[in-house]
Amino acid sequence: MSSNYTGLGIQLMTTGEKAGTWGTLTNTNWDIIEQISGGYTTQAITSTPTTLAVSDGSAGATLAHRIIEFTGSIGEATIVTIPLDVQTFYIIKNASSGAYTVQFKYVTGSGSSVTWAAADKGTKIIYATANDVTNPDIVDLGMVTLTGTETLTNKTLTSPAIGTSILDTGGNELMKITVTGSAENEFTMAAGGSGAGPTLSSTGSSDTNIDMNLVPAGTGNVNLSADTVQVGDNNADATITTQGTGDLILNTNNGTNSGDITIADGANGDIIITPHGTGIAKAVDAADATGALKIAGLETIFVPAQAMFGTETNGAEANAVETTATRPVMKVLDFDPSTIEYAQFSIAMPKSWNEGTVTFQAFWAPSNTDTGNAMIGLQGVSVANDATSDVVFGTAIDVTDAGGGAVEDVMVSPVSSAVTISSAAADTYTYFQVHRNATNVSDTFTGDVRLLGIKLFYTTDAANDA
């Protein structure tokens, strides 16, 4: 009976066969076995397919080596095949040049195969199963290499040293890692239990109070995709602040169509609430009532004629004009149409006043129907504590109001230009003097100007008078 051969070429001699040659043939078999156990060889794969054939009874066949290194330059996707009955495992390195795939498979059949990607020049452990007569499988047993691209499943890495970056599954840079000299502080990540979120902490070996820094590139933002952002820990006070001397600005939608709350940096810095457009800054009180915040600015004081008095010299005459019985009575000061007459009143201006200029409107009534203009003026002077009241008023400013009203009509003048109060200061007593500039050619109203009162406009620069 003739000898048989294994799938890798080892000769199986029958009893009584090969008399006188057993030593030589057995030595050849041992050579083949040694190749299979740990032999290394190279195989040039310059064309496709490259067939690895068995060499029955002879050593040196590529497919009978444990370790095979593919070499050569390929210009297309290349296939390397082995016979259907080969059952072994290989350590194969793809060292070919050329950015093309290399597939290792059985010569025929639809069983599984192993493929190196175009850029993969790594090493694989491959098991040829010969598990089916016509469709056997070749299986990649998986091998972690220092340079290859590997998929690790349920593997524990103890204190791994990672290079300068971590890539995503598409090979794109996901995270960069930089070196810090004498590094002591680091991130610690912990999973959350049921009902609790995961934790990212800053920790260190010696420091106890360690910042956590999130630094965007350029003018980029740090975006937190959450409906609610909570700060603080264990019921302790929480602070939101800036790292340097910049102001802290709070707004919505990156400032688009949004008002701002600006906390200005610096000693005695302001907190500025700025609504968008015609919006109003509002607050809610303890009773859940919503109202506009009062903002320092223009305020008014109305001084009625009955709070004034005619001066000793050329004083306006106090009068009461009854319209109809039990109807309004107009308490007025009558100013003559041909002589400049005066009236005075005095106010301790609010502490929140900015000590600047004021403006005014005159409320008056005509003593007779006339279409002429009336000129009404105002001037002021402030007197400080322990100072004389024998002082000169500031420059008078006139406002001209068109007549045309009938007797008992209420007339309201335009707002005057700025009136400068002489010696204006905080905590002063301020005298005001009203006059009718009757001798001015622009005052053409022929009757008495019956002054009902003066509406005084002043500007505040404080929220209250504290």
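In this report, we go over the structure that sits alongside the text. (Residues numbered from 1 in each chain as written. Predicted model: local features only at pLDDT ≥ 70, side-chain atom pairs only at ≥ 80, totals over all residues. Heavy atoms only, no water.)

Together, Leu250, Ile261, Ile263, Ile271, Ile273, Leu293 and Ile295 give the surface a local cluster of nonpolar side chains, amounting to about 610 Å² of exposed area. Among the secondary structure elements, isoleucine 273 is positioned in strand 18 (residues 271-274). (Patch = residues over 30% accessible without salt bridge, like charges linked within 9 Å, V, L, I, M, F, W, Y side chains within 5 Å. Areas by Shrake-Rupley, 256 points an atom, 1.4 Å probe, with all protein chains shown as cover. Salt bridge = Lys/Arg side-chain N within 4 Å of Asp/Glu carboxyl O. Helix = DSSP H or I, 4+ residues; strand = E, 2+ residues; numbered from the N terminus.)

This part takes up the packing of aromatic side chains. Throughout the structure, instances matching the rule amount to 7 aromatic pairs. Note on phenylalanine 345 and phenylalanine 432: the rings are 5.0 Å apart at their centroids and 15 degrees apart in plane angle, and the pair reads as stacked. Within this pair, whereas phenylalanine 345 is found in strand 25 (residues 341-347), its partner phenylalanine 432 is found in strand 30 (residues 429-436), the two being separated by 87 residues in sequence. An identical accessibility class is assigned to phenylalanine 345 and phenylalanine 432; each is buried. (Phe/Tyr/Trp six-rings, centres within 6.5 Å; stacked < 30°, edge-to-face > 60°. Buried < 20%, exposed > 50% of the residue type's maximum accessible area, 1.4 Å probe, protein only.)

Turning our eyes to something else, we now look at the pattern of salt bridges. Using the criterion set out here, one finds 4 salt bridges in the structure. Two residues, aspartate 120 and lysine 124, come together in a salt bridge whose shortest N-O distance is 3.6 Å. For aspartate 334, the salt bridge identified is with arginine 450, shortest N-O distance 3.3 Å. A residue pair is termed long-range when its members are at least 10 positions apart, and aspartate 334 in strand 24 (residues 329-335) and arginine 450 in strand 31 (residues 449-459) qualify at 116 residues. Judged by relative accessible area, arginine 450 falls into the buried class, the value being 14%.

So, about helix 1 (residues 22-38). Along an α-helix, residues three or four positions apart point the same way, because every turn accommodates 3.6 residues. With 17 residues, helix 1 ought to run about 24 Å at 1.5 Å a step, and its terminal C-alpha atoms sit 24 Å apart, in line with that. Every buried residue of helix 1 is listed here: Leu25, Thr28, Asn29, Ile32, Gln35 and Ile36. Buried residues of helix 1 fall within an arc of 115 degrees about the axis and therefore sit on the same side. Exposed side of helix 1, more than 90 degrees from the buried face: Trp30, Glu34 and Ser37 are the residues found there. Buried residues in helix 1 make contact with strand 2 (11-12) and strand 7 (88-94). (Expected span 1.5 Å × (residues − 1). Arc of directions from axis to C-beta. Contact = heavy atoms within 4.5 Å.)

Turning next to the sheet that holds strand 11 (residues 138-140). Within the open sheet, the 5 strands sit side by side as 3-5-7-10-11. Their pairing is mixed. A single partner strand is all that each edge strand has here, and the edge strands are strand 3 (40-44) and strand 11. The mean inter-strand angle of the sheet, taken between neighbouring strand axes irrespective of direction, is 30 degrees. Bridging between strand 10 (residues 123-128) and strand 11 involves 3 bridges; their strand directions are antiparallel. Directly across from isoleucine 126, in strand 11, lies its bridge partner aspartate 140. (Pairing = 2+ DSSP bridges. Axes fitted to C-alpha atoms, helices over the stretch in contact; angles between N-to-C directions.)

Before going further, it helps to examine the side chain of glutamine 43. Tracing the backbone shows glutamine 43 in strand 3. Residue classification places glutamine 43 among the buried residues on the basis of a relative accessible area of 18%. A polar atom in the side chain of glutamine 43 sits 2.9 Å from the side chain of threonine 62. Residues within four places of glutamine 43 in sequence aside, it is in contact with Thr50, Leu52, Thr62, Ile68, Glu69, Phe70 and Thr71. (Polar contact = N/O pair within 3.5 Å; in protein donor to acceptor, adjacent residues only side chain to side chain.)

The next point concerns the nonpolar core. Core analysis: the largest hydrophobic core is formed by 32 residues, its most contacted members being Phe432, Val434 and Leu456. Those elements giving two or more residues to this core turn out to be strand 21 (298-304), strand 24, strand 25, strand 26 (359-366), strand 27 (373-383), strand 28 (397-402), strand 30 and strand 31. Of all the elements, strand 31 adds the most residues to this core, at 5 residues. Residues Leu8, Leu63, Ile92 and Tyr106 belong to the second largest nonpolar core, which totals 25 residues. (Core = buried A, V, L, I, M, F, W, Y, C linked by side-chain atoms within 4.5 Å.)

Shape is all these values report; function is a separate question.
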